[in-house]
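# Architecture and fold: a report
This is what each chain is made of:
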Amino acid sequence: KQEVTQIPAALSVPEGENLVLNCSFTDSAIYNLQWFRQDPGKGLTSLLLIQSSQREQTSGRLNASLDKSSGRSTLYIAASQPGDSATYLCAVEGGSEKLVFGKGTKLTVNP
Amino acid sequence: NAGVMQNPRHLVRRRGQEARLRCSPMKGHSHVYWYRQLPEEGLKFMVYLQKENIIDESGMPKERFSAEFPKEGPSILRIQQVVRGDSAAYFCASSPPPRGAADTQYFGPGTRLTVL
């Protein structure tokens, strides 16, 4: 059974800092891994999707890496801004079209 | 192209009543997924449907919960005889066919169910 863990559960940083969010998963037989953003009371926005054959994906100030063999992914956020404050969710798909989510990292960027 | 739509956004029910949650997928999407987010928990998969077919319901509680995606109209998640433990945010997602490893699921804003 796939399990996804995210560390830390919460993170508070000053504006402008670079930061790393961590995600680990127990079964390396994944189809893809995604990072989502969830704002309070809102739905999920897909940030980055890494296919199992890929090592990383980049979008603007965001970079996500995937090490399938060790069951780890990181989301790197450069030059953080207050607008980045949200909960970041990691999810893996094992080919059955259902996503398995971690509990998320709640990020607060202080101006 | 409108996103995934869910209604109602907030639903309050008393114990023992029925809750009906609706999801309209994005245009052209025929795959629908329902997830539940309990307080302080991550999202958990409930059911995966295609038009008129339940493909995977391995995450659905065995009793009181049912889902459908008819040929016409939205997908419905029905919870009968609600209990306080059903209070959660219910998210719907959709994706187009055929779906490959590079394709994401698009999520709606969720329905927040409160059982009094």
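A few points on the structure. For every chain, the first residue of the written sequence is number 1, and numbering continues from 1 onward in sequence order. Whichever chain is written first is A, and whichever ligand is written first is 1; the rest continue in order. Restriction of local features to residues with pLDDT of at least 70 applies here, the model being predicted, together with a cutoff of 80 or more for giving and counting side-chain atom pairs; totals for whole chains, interfaces and linings are based on all residues. To get the side-chain values, take all heavy atoms of the structure and skip hydrogens and water.

### Thoughts on the nonpolar core
Which entries qualify depends on this criterion: By convention a nonpolar core is built from buried Ala, Val, Leu, Ile, Met, Phe, Trp, Tyr and Cys residues, the set being connected through side-chain atoms within 4.5 Å. Burial classes follow relative accessibility: with a 1.4 Å probe on protein chains only, a residue under 20% of its type's maximum area counts as buried, one over 50% as exposed, and anything between as partly exposed. Each helix is a run of H or I in the DSSP string that is no shorter than four residues. Each strand is a run of E no shorter than two, and both are numbered from the N terminus.
Formed by 23 residues in total, the largest nonpolar core has its most connected members in Trp-34, Met-46, Leu-77 and Tyr-90 of chain B. Going through the elements one at a time, β3 (19-24), β4 (31-37), β5 (43-50), β7 (65-68), β8 (75-79), β9 (88-95) and β11 (111-115) of chain B are the ones with two or more residues in this core. Core analysis: the next-biggest nonpolar cluster, separate from the first, contains 22 residues, Leu-21, Ala-64, Ala-86 and Val-92 of chain A among them.

### Observations regarding the layout of surface pockets
Quick reminder of the rule: Buriedness of a pocket was judged along seven lines, with at least five required to meet protein on both sides within 12 Å; pockets are open sets of points on a 1 Å grid over the protein atoms alone, cavities are sets where a 1.4 Å probe fits but cannot get out, and lining residues have an atom within 4 Å of a point. Grid points are joined across faces, edges and corners, and a volume is the space filled by probe spheres set on the points. We call Asp, Glu, Lys and Arg charged. Ala, Val, Leu, Ile, Met, Phe, Trp, Tyr, Cys and Pro are nonpolar, and the rest, Gly among them, are polar.
In this structure, the largest pocket occupies an estimated 690 Å³ of space. Around the largest pocket, the lining comprises 28 residues; the ones closest to its centre are Gln-38, Thr-87 and Lys-103 of chain A together with Gln-37 and Glu-40 of chain B. Taken as a whole, the second largest pocket encloses approximately 510 Å³ of empty space. What lines the second largest pocket is a set of 22 residues, and nearest its centre among them are Lys-1, Gln-2, Glu-3, Val-100 and Phe-101 of chain A. For the lining of the second largest pocket, the secondary structure elements donating two or more residues are β1 (4-7), β9 (86-93) and β10 (99-101) of chain A together with β5 of chain B. Per-class residue counts for the lining of the second largest pocket are eight nonpolar, seven polar and seven charged.

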